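Understanding the architecture of this molecule
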Amino acid sequence: MAVQQAAIGMRSRSQNQRRKRIVQTAAALALRGGVEAMQMRAVAERAGVALGTLYRYFPSKMDLVVAVVTEELDLLESSIGRRPPTAETAAGRAVDVLMRATRGLMREPELADALVRSLIMSEAKTELGARITDLLWRVATGAALSGGQDAGPAEPPDRTDAAYVRVASLASVWIFELLELLKGDRDLDEVQRRMEIAAEPLLAHC
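Not measured: the values here are computed from a predicted model. All residue numbers refer to positions counted from 1 along the written sequence of the respective chain. This being a predicted model, a pLDDT of at least 70 is required before a residue's local features are given, and a value of 80 or more before pairs of side-chain atoms are given or counted; all residues contribute to the totals for chains, interfaces and linings. Side-chain measures here rest on the full set of heavy atoms in the structure, leaving out hydrogens and waters.

**Here we look at the confidence of the model for the protein**
The cut-off we apply is this: A score from 0 to 100, pLDDT tells how confident the predictor is in each residue. Starting at the N terminus, helices and strands are each numbered in turn, a helix being any DSSP run of H or I of at least four residues and a strand any DSSP run of E of at least two. Contacts are assigned to residue pairs with any non-hydrogen atoms lying within 4.5 Å of each other.
A residue-level look at the protein finds 85% of positions with pLDDT of 70 or above and a mean pLDDT of 83. Mean pLDDT across the secondary structure elements of the protein bottoms out at helix α1 (residues 2-33), with 74, and peaks at helix α9 (residues 188-202), with 97. Scored below 50 in pLDDT, residues 146-154 makes 19 contacts in the model with residues more than four places away or belonging to other chains.

**Here's the deal with the side chain of Thr70**
Under the convention used in this document: For every residue, the accessible area (1.4 Å probe, protein chains only) is compared with the maximum for its type, and the residue is labelled buried under 20%, exposed over 50%, or partly exposed between those bounds.
With respect to the helices and strands, Thr70 occurs in helix α4 (residues 61-82). Overall, Thr70 belongs to the buried group, its relative accessible area being 15%. For Thr70, the contacting residues outside a window of four places in its chain are Leu128 and Arg131.

**Details of the pattern of salt bridges**
Heads up, the condition is: A pair is scored as a salt bridge if a Lys or Arg side-chain nitrogen falls within 4 Å of a carboxyl oxygen belonging to Asp or Glu.
Per the stated rule, a full pass over the model turns up ten salt bridges. The salt bridge partner of Arg138 is Glu77, with a shortest N-O separation of 3.6 Å. Residue Arg138 is found in helix α7 (residues 128-141), and its partner Glu77 is found in helix α4; the two are separated by 61 residues along the sequence. For the pair shown, Arg138 and Glu77 are each scored as buried. Residue Asp185 is joined to Lys183 by a salt bridge in which the shortest nitrogen-to-oxygen separation is 3.8 Å. Taking the relative accessible area as the measure of exposure, Lys183 reaches 51% and is therefore exposed. Through salt bridges with shared partners, one network takes in Glu177, Glu180, Lys183, Asp185, Arg186 and Arg194.

**Points about the UniProt feature "DNA-binding region" (unreviewed entry) in the protein**
For clarity, the cut-off: UniProt positions are given in the numbering used here, feature names are shortened, and annotations may be inferred rather than shown by experiment.
Cross-referencing UniProt, the feature "DNA-binding region" (unreviewed entry) maps to residues 39-58 in the present numbering. Helix makes up 75% of residues 39-58 and strand makes up 0%, while its end C-alpha atoms are separated by 12 Å.

As structure tokens, then:
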């Protein structure tokens with residue numbers, strides 16, 4: 001039994017490592033040539049996996065794009081754990097996080113566009129919207145933060161709570177502003193001003 005469990009553990013680690021290698025390869029291609037460069041065959045070849053194996057991990061290109069964006073969100077959560085927002089108000093802390101996310105995403109606008117499409121059009125099964133809102137809720141309410149994919153408060157938020165719903169509304173405003181930024185109808189300063197205006201009344205009682 002112990003030998004069997006050890007074999008299962010090794011196989012699981014190998015699968016996780018393979019998945020991580022695929023995502024890192026896709027991210028490197030995206031940084032050099034945008035989302036268009038993330039062709040499934042090219043990713044498979046550069047990651048050293050069969051094309052069928054790649055599709056087993058990521059059934060579509062959008063699933064792969066979401067995985068790359070999720071890595072960016074992991075980095076954001078880690079940076080917040082290391083350098084938490086210092087604003088005294090919930091609104092100030094939330095806007096700080098959203099603008100960090102905006103600047104990070106705009107380093108690769110095509111990935112930002114893919115994120116917006118995944119959230120608005122549901123082109124791939126994703127928990128990104130919930131993760132972004134949960135992160136904002138933790139920051140706004142002052143709940144404990146820790147870096148990485150497992151970041152979260154001691155108890156999960158009640159997503160029917162009025163405060164959480166207001167935070168979710170702010171996240172929706174951010175997605176709209178990010179879309180306007182991608183269209184060229186906003187600049188970063190204007191996005192920040194508009195997010196500050198929206199955040200103040202929404203998070204006044206957090």
